[in-house]
Amino acid sequence: MATYGVGASDEIAWISEGQAAEPRPPPPPPNITSPGIVAVDITSKFVEAAATLSPGEIVKDGMFTLFESVAALEVAPPPHSSLPRPCCVGPMPLTLMQIMDPKMDSGCVGPGDEFEEMYDVSQPLLPEEILGIIDQLLCHEMSWHLGYPLSQTVFTSVYVEALLMPSPHSTNEATFVREPDGAATEQPMLLVLRAYCLAMLKACNHVNERIKSEHYYEEEDFVTNTYHRTLLDNLSTSDILAVLAEAEEFLASRQESIDGQVVDALLHRLQLRRLFLVAAECPVHVKDPEMAREPWTQALSVLPKIKSTHALAKAKDEAFSVKLQRKLASTMPPRPIVELGFDDAFRHLSRLFEDGSEIIGVLQYADSQSLLTFVATFQSKKPQPLVYVRTLLQTFLFDAMEVLGSMSIRQLLDDDLSIVTLPASPLLDRDNDDVEAMQDPRFAIAQQMELFRKRAAQPFLDIFRTACQNRCRVRRTLCHVIRDWDQLQAEAEDVDQILQVKSKEQPLLRQSATGDAPVETYALSLSSWAYLYKLRQMEWIVQLGFELQVYQPDELAGMYWYLNHLAKCRLEHSERIKGFVVRDVEEARLRRQRPSPAADEQLQRSLAYARLSLLDAAVTWELSDALCCLYIVLGRLGLLQSPARPLSEDRLRYDLRMKPFASISFPELPSFDLFSAGVTQTETTSEELLEYGEKAVAGAKKGLEALGRLSPTESFSLGSHDRWSALVKGALKSSIATGIAISSLQRALRRRSEGVGLEVRAEVPAPDKAYHDWWIVPKISPTPAE
């Protein structure tokens, strides 16, 4: 039979809240004396039969389900518990089956093995062995950053366990040996390992607390469970830095007695730990970007030295043990240690510091649209930044109800309104807040604007917070956020009506769509602002669907058709907004003999944004239109493989894809008949579709070339222009590839009209193989000869 030891989880399981587990007297035996029942004592036979089982061998009934085994575990106590067991006719045999399974029971100990880990943390170690342990700890730390729990990574180190249990109250207590003279007799080289472990655990504490303080998804992004370990949260960072300094001085004094390369390797690793500790406190320097960036950039210069000296390390695998999971307060079954190679761990570590250094750029605020571009382009990086960096970005954006540590939410919101729809507008004049006369129109304007700000602040900030999540969550969250924007637009229309009267706004004569006499239209600035953001987010949802491979190849034509529909709506709306901005600019020039530099700057900035918005919407419209035509023709020619769907039909799939937009009041969701007509284009030949797509892709290419020539100021990408330009170049390459694919199909169709077979095939690449994640261009190639 297998033997068992008492783990912390077993003790906790049998302690009720506020009471210790004390032995209770066994219950009285059941009354089984009745006519027709003969009681037989089977204890000896049961023990004899159990003795024939090998350790870990299980006897399981074929009809015994996992649900029943979990229920049995909840009812029956563990075999080593002092609490009474239920009688054998109950769940006891079922519970034994689970307890004897080493995959389910961390207390199961095989023959010849020990329950406790017998590794001696005070044993002498070679400098190369300490280097090996440190590099292995680095691998475990990065595994934790990737989303694995501490129980399978950092907490598998016997040295970490020795430092944390019992929890030290000072750095003097944080030693591997807790005896009165343990620190004095400790091997000198262990001081280096101790300093590294203390700094690592303190950095893990900073990371853990930062992530828990921001918005993330437990188990999906990160595991913050510390299993009742403290991670040295009661020790100050300054004390840990002092221990690191002592270890560095010790190594410097041993340059002659130890291999110089090994000493330098250890010093570089201690230096990395010191820089990481300082970098983890960078939110303290939110108002000084250069000081906040300094430890990140210094660490990047240290990393190559760490990689080049890894070959000097000597592995010490016995210093890590899965048995330590038995001491953790966990309800999970034992899990193997996560083995992450040093090269992979170093790559993630390098990316962590590169992204950390890059993210400090967000503190240099230019305008709200540049801030949004920075966040969107940074979060779209491949691979995506680690969750710690993403939560650090959230801290910079939203900590203490301040944006970037210096701006109020109102400042950010007003800045964005002044860019999009209200340049140099009296509606945003701060002097309105000082008006106390209720009959003064400015009093009503200030009240209505404040009412709108309170309602719009949360949806506006949600755009930034949503962008900081993993890509799957971004799309899923946007599906909910657009409903708030739809409601905000409706409420903003009511506010616009009041402001229209109080500000005595003059209408603008615009040509009607039918070509009749011009009609009077009002700016409706607030609802126009909300509608523009809603359209952008609806486009992002569809585009993220391409990036995340939500759609099957035969659905791409329909989704590009709908993206084209949304882009057309945004283009029309951007043209409307630009018309009112141009009117404001012309009126401002006529009204002021001495123009205000600040007002002129806002007007010019708003004009630049209107041009950028029009150009971006036009490119999206043209390129999606071209890809829609291309995929329609591929479907007609049977070059797209459709998966078998025995329980599905076109209308049901349409309802599923359009579900996020079904509740949106405007733009109204196209009907299924209109969608089907747009996707099939039955009245248009394939040659005409390809010709139309060729013209559309030419327009997209021209627009993307114009986008690529914009400066950081004109493109509202200050601080992130390189990333923004890379995305534009990727879209430009996609448009060129689309043109090539259309030309290839046109040649194939001409050959077919001459009696030659089609002799081409289409391959839809994965998003990571495409030039741009949102533009999935099929590759048309000749059919290989048989």
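This structure is a prediction, so every number in the text was calculated from the model and none was measured.

For the rest of this paragraph, the subject is the overall build of the protein. A tally of regular secondary structure across the protein gives 24 helices and 6 strands. The buried share among the 786 residues of the protein stands at 52%. Here the protein displays about 38,200 Å² of accessible surface, and carbon together with sulfur accounts for 54% of that area.

We now examine helix H21 (residues 650–657). Because each turn of an α-helix spans 3.6 residues, side chains separated by three or four positions end up pointing in the same direction. Considered for burial, the residues of H21 that qualify are Arg 653, Tyr 654 and Arg 657. Each buried residue of H21 sits inside an arc of 105° when the element is viewed along its axis, so together they form one side.

The end-to-end C-alpha separation of helix H20 (residues 597–636) is 59 Å, in line with the 58 Å expected for 40 residues at 1.5 Å each. Positioned one or two residues after H20, Gly 638 has a phi angle of 70°, which is positive.

Turning next to the state of the cysteines. This model, assessed by the stated rule, comprises 0 disulfides. This cysteine, Cys 628, is not joined by any disulfide, and Cys 629 carries the nearest cysteine sulfur, 5.6 Å off. You can call Cys 628 buried: its relative accessible area is 3%.

A few words now on the packing of aromatic side chains. Counted under the stated rule, the structure contains 25 aromatic pairs. Ring geometry for Phe 460 and Phe 464: centres 5.4 Å apart, planes at 80°, overall edge-to-face. Placement of both Phe 460 and Phe 464 in helix H16 (residues 441–467) is noted, with a separation of 4 residues, approximately one turn of the helix. The exposure class of Phe 464 is buried, given its relative accessible area of 2%. Among the aromatic residues, those joined into a ring-pair cluster are Phe 452, Phe 460, Phe 464, Trp 485, Trp 529 and Tyr 533. Here the guanidinium or amino end of Arg 465 rests over the ring plane of Phe 398, the centre of that ring lying 4.2 Å away.

Tallying each qualifying case throughout the model produces 31 salt bridges. Note that Asp 221 and Arg 390 form a salt bridge whose closest N and O atoms lie 3.3 Å from each other. You can see Asp 221 sitting in the loop between helix H8 (190–212) and helix H9 (237–253) and its partner Arg 390 sitting in helix H14 (residues 387–398), a full 169 residues away along the chain. A residue is classified by how much of its surface remains accessible, and Arg 390, at 6% relative accessible area, is buried. Ionic pairing is found between Asp 554 and Arg 645, a salt bridge with its closest N-O pair at 2.8 Å. Taken together, the residues span a long stretch of sequence, with Asp 554 in the loop between helix H18 (525–547) and helix H19 (556–591) and Arg 645 in the loop between H20 and H21 at a distance of 91 residues. When its relative accessible area of 27% is taken as the criterion, Asp 554 is described as partly exposed.

Helix-helix packing is described using two parameters, namely the angle between the two axes and the distance between the axes. At a minimum axis separation of 8 Å, helix H11 (residues 289–308) and helix H12 (residues 342–359) run at an interaxial angle of 160°. Taken together, the axis directions place H11 and H12 in an arrangement best described as roughly antiparallel. Between H11 and H12 the crossing geometry is left-handed. Note on element contacts: H12 touches H11 through Phe 342, Phe 346, Leu 349, Ser 350, Leu 352, Phe 353, Glu 354, Gly 356 and Ser 357, opposite Arg 293, Trp 296, Thr 297, Ala 299, Leu 300, Leu 303, Pro 304, Ile 306 and Lys 307. Classifying every residue of the contact of H11 with H12 gives 11 nonpolar, 4 polar and 3 charged.

Among the nonpolar cores identified, the biggest contains 210 residues, and Tyr 159, Leu 193, Phe 396, Leu 397, Trp 529 and Tyr 560 are the most heavily contacted of them. With near-sequence residues (within four places) excluded, Trp 529 lies in contact with Leu 413, Asp 416, Leu 417, Val 420, Thr 421, Phe 452, Ala 456, Phe 460, Trp 485 and Leu 488.

Per-residue pLDDT for the protein averages 86, and the proportion of residues at 70 or more is 87%. Below pLDDT 50 for its whole length, residues 1–21 participates in 41 contacts with residues either more than four positions away or in separate chains. Note on residues 74–97: pLDDT is under 50 here. Beyond four places in sequence and across chains, it has 45 contacts.

Here we come to unusual backbone geometry. With an omega of -5°, the peptide bond running from Lys 382 to Pro 383 counts as cis. As for its placement among the helices and strands, Pro 383 is situated in the loop between helix H13 (368–379) and H14. Here the bond from Phe 666 into Pro 667 is cis, since omega is 5°, no more than 30 degrees from zero. Mapping Pro 667 onto the fold places it in the loop between H21 and helix H22 (672–680). Its identity is not glycine, yet Ala 424 carries a phi of approximately 50°, on the positive side.

Along the chain, Ala 530 falls in helix H18. Look at Ala 530 and you get buried, because its relative accessible area is 0%. If we skip the residues at most four places from it in the chain, Ala 530 touches Trp 485, Leu 488 and Gln 489.

Moving on to a nonpolar patch on the surface. A contiguous nonpolar surface patch, about 330 Å² in accessible area, is contributed by Val 38, Val 40 and Ile 42. With respect to the helices and strands, Val 38 occurs in the loop between helix H1 (8–13) and helix H2 (43–51).

Here the focus is a negative patch on the surface. Taken together, the side chains of Asp 429, Asp 431, Asp 434 and Glu 436 present a region of like negative charge at the surface. Position of Glu 436 among the secondary structure elements: in the loop between helix H15 (409–420) and H16.

With respect to the helices and strands, Asp 233 occurs in the loop between H8 and H9. Given the relative accessible area of 48%, Asp 233 is considered partly exposed. Separated by 28 residues in sequence, Asp 233 and Asn 205 place their C-alpha atoms 6.4 Å apart. Setting aside chain neighbours within four positions, we find Asp 233 in contact with Lys 202 and Asn 205.

Reading the values: the criteria
- Throughout, residues of each chain are indexed from 1 in the direction in which the sequence is written.
- Since the coordinates come from a predicted model, pLDDT governs what is reported: local features require at least 70, and pairs of side-chain atoms require 80 or more to be given and counted, while whole-chain, interface and lining totals use all residues.
- Values shown for side chains rest on all heavy atoms present in the structure; no hydrogens or waters enter the calculation.
- Only DSSP runs of H or I covering at least 4 residues are called helices, and only runs of E covering at least 2 are called strands; the numbering of each starts at the N terminus.
- To sort residues, take the accessible area from a 1.4 Å probe on protein chains only and compare it with the maximum for the residue type: under 20% means buried, over 50% means exposed, and anything in between is partly exposed.
- Accessible areas in this description were obtained via Shrake-Rupley with a 1.4 Å probe; residue shielding takes into account the shown protein chains only.
- Regarding the arc, it is the one traced by the directions from the helix axis to the C-beta atoms.
- Given a helix with a known number of residues, its expected span is that number minus one, times 1.5 Å.
- In this description, a disulfide is simply a cysteine sulfur pair whose atoms lie within 2.5 Å.
- Between the rings of Phe, Tyr and Trp (Trp by its six-membered ring), a pair exists once the centres lie within 6.5 Å; its type follows the angle of the planes, with under 30 degrees stacked, over 60 edge-to-face, and the other angles tilted.
- Placement of a charge over a ring requires the Lys NZ or Arg CZ to be within 6 Å of the ring centre, with the centre-to-atom vector within 35 degrees of the ring normal.
- Think of a salt bridge as a Lys or Arg side-chain nitrogen and an Asp or Glu carboxyl oxygen that are within 4 Å of each other.
- Whenever a helix is involved, its axis is fitted only over the stretch in contact; in every case the axis is a line through C-alpha atoms, and angles between N-to-C directions fall within 0 to 180 degrees.
- Here roughly perpendicular refers to angles of 65 to 115 degrees, roughly parallel to angles under 35, roughly antiparallel to angles over 145, and oblique to all remaining angles.
- Left-handed is the label given to a crossing in which the near helix is rotated counterclockwise from the far helix by less than a right angle, and right-handed is the label when the rotation is clockwise.
- Throughout, a contact is declared for two residues whenever any of their heavy atoms are within 4.5 Å.
- Gly falls in the polar group here, along with every residue not listed as nonpolar (Ala, Val, Leu, Ile, Met, Phe, Trp, Tyr, Cys, Pro) or charged (Asp, Glu, Lys, Arg).
- We define a nonpolar core as any set of buried Ala, Val, Leu, Ile, Met, Phe, Trp, Tyr and Cys residues linked to one another through side-chain atoms lying within 4.5 Å.
- Here pLDDT means the predictor's own confidence in every residue, given as a number from 0 to 100.
- Patch membership is restricted to residues that have no salt bridge and whose relative accessible area is over 30%. Joining uses 9 Å for like charges and 5 Å for the nonpolar side chains Val, Leu, Ile, Met, Phe, Trp and Tyr.
- Counted charges follow a simple rule, with Lys and Arg positive, Asp and Glu negative, and His plus the chain ends left uncounted.
- A single reference atom marks each charge: NZ on Lys, CZ on Arg, CG on Asp, CD on Glu.

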